[in-house]
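Given next are the chains, with one letter for each unit.
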Amino acid sequence: VSQLKLPIINLGMPKMGSTSLQSYLECGGYESVHWLCGGRYCGDCIEESIQAGLPPFSSQDPKCKINNIDSYTQIDRGPENLIQVNYLDEIMAGVPNATFVLTFR
């Protein structure tokens, strides 16, 4: 795992193994977040950053702990708000060297 480019971003849908991926990455020593980034939903922080014209993982909100994290294992807000689908182009452009993972069951 040490050769993966950071950050690691899970593009999978809800209930598709994100918790297992989270556990695996934490076991490997990666700083990883799973749907909550500090006191806010990761997806909300990412969406607000993109809408403000910022890179997706660079929130200016001090409650959003999304800056300089090794791994984001769930960034959606459930099936009604799939940030990883709705903003895929912006996410890929914002972190082009990231490792993208697609979990599924």
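As a reminder, the structure under discussion sits directly above these lines.
Figured I'd write up the structure that's included with this text.

Definitions and cut-offs
- Residues numbered from 1 in each chain as written.
- Predicted model: local features only at pLDDT ≥ 70, side-chain atom pairs only at ≥ 80, totals over all residues.
- Heavy atoms only, no water.
- Pairing = 2+ DSSP bridges.
- Helix = DSSP H or I, 4+ residues; strand = E, 2+ residues; numbered from the N terminus.
- Axes fitted to C-alpha atoms, helices over the stretch in contact; angles between N-to-C directions.
- Contact = heavy atoms within 4.5 Å.
- Disulfide = S-S within 2.5 Å.
- Buried < 20%, exposed > 50% of the residue type's maximum accessible area, 1.4 Å probe, protein only.
- Phe/Tyr/Trp six-rings, centres within 6.5 Å; stacked < 30°, edge-to-face > 60°.

This part covers the sheet that holds strand E1 (residues 8-10). With parallel pairing, the 4 strands of this open sheet are ordered in space as E2-E5-E1-E6. Unpaired on one side and paired on the other, strand E2 (32-34) and strand E6 (99-101) mark the two borders of the sheet. Geometrically, the sheet is characterised by an average inter-axis angle of 15° between neighbouring strands, direction not taken into account. The sheet contact formed by E1 and strand E5 (residues 71-74) spans 2 bridges and is parallel. Counterpart to Ile 8 in the pairing with E5 is Ser 71. Those strands touched by helix H1 (residues 18-27) are E1, E2, E5 and E6, and its axis lies near 160° from that of E2.

For the rest of this paragraph, the subject is the state of the cysteines. Counted by the stated rule, this structure contains 2 disulfides. Put simply, Cys 37 and Cys 42 are joined by a disulfide, and their sulfur atoms are 2.0 Å apart. Here Cys 37 and Cys 42 share a disulfide; its torsion about the S-S bond, 100°, makes the bridge right-handed. Taking the relative accessible area as the measure of exposure, Cys 42 reaches 0% and is therefore buried. One disulfide in the model links Cys 45 with Cys 64; its S-S distance is 2.0 Å. Because the sign of the S-S torsion sets the handedness, a value of about -85° for the bond joining Cys 45 and Cys 64 places this disulfide among the left-handed ones. A residue pair is termed long-range when its members are at least 10 positions apart, and Cys 45 in helix H2 (residues 42-51) and Cys 64 in the loop between H2 and E5 qualify at 19 residues. Given the relative accessible area of 3%, Cys 64 is considered buried. Within the protein, bonded cysteines paired by disulfides and numbered along the sequence follow the pattern 1-2, 3-4.

What follows is about unusual backbone geometry. Leu 6 connects to Pro 7 through a cis peptide bond whose omega is 0°. With respect to the element layout, Pro 7 can be found in the segment before E1. The residue Asn 68 is not glycine, and still its phi comes out positive at about 60°. By the element assignment, Asn 68 lies in the loop between H2 and E5. Of the residues examined, Asn 68 reaches a relative accessible area of 73% and is grouped as exposed.

With that settled, consider the packing of aromatic side chains. Two descriptors summarise a pair of aromatic rings, namely the distance from one centre to the other and the angle between the planes of the rings. Using the criterion set out here, one finds 2 aromatic pairs in the structure. A ring pair is formed by Trp 35 and Tyr 41, whose centres lie 5.4 Å apart and whose planes are at 25°; its orientation type is stacked. By relative accessible area, which is 33% here, Trp 35 ends up partly exposed. Tyr 41 sits in the partly exposed class, given a relative accessible area of 31%. Aromatic pair Phe 57 and Tyr 72: ring centres 4.3 Å apart, planes at 35°, arrangement tilted. In this pair, Phe 57 sits in the loop between H2 and E5 while Tyr 72 sits in strand E5, placing the two residues 15 residues apart along the sequence.

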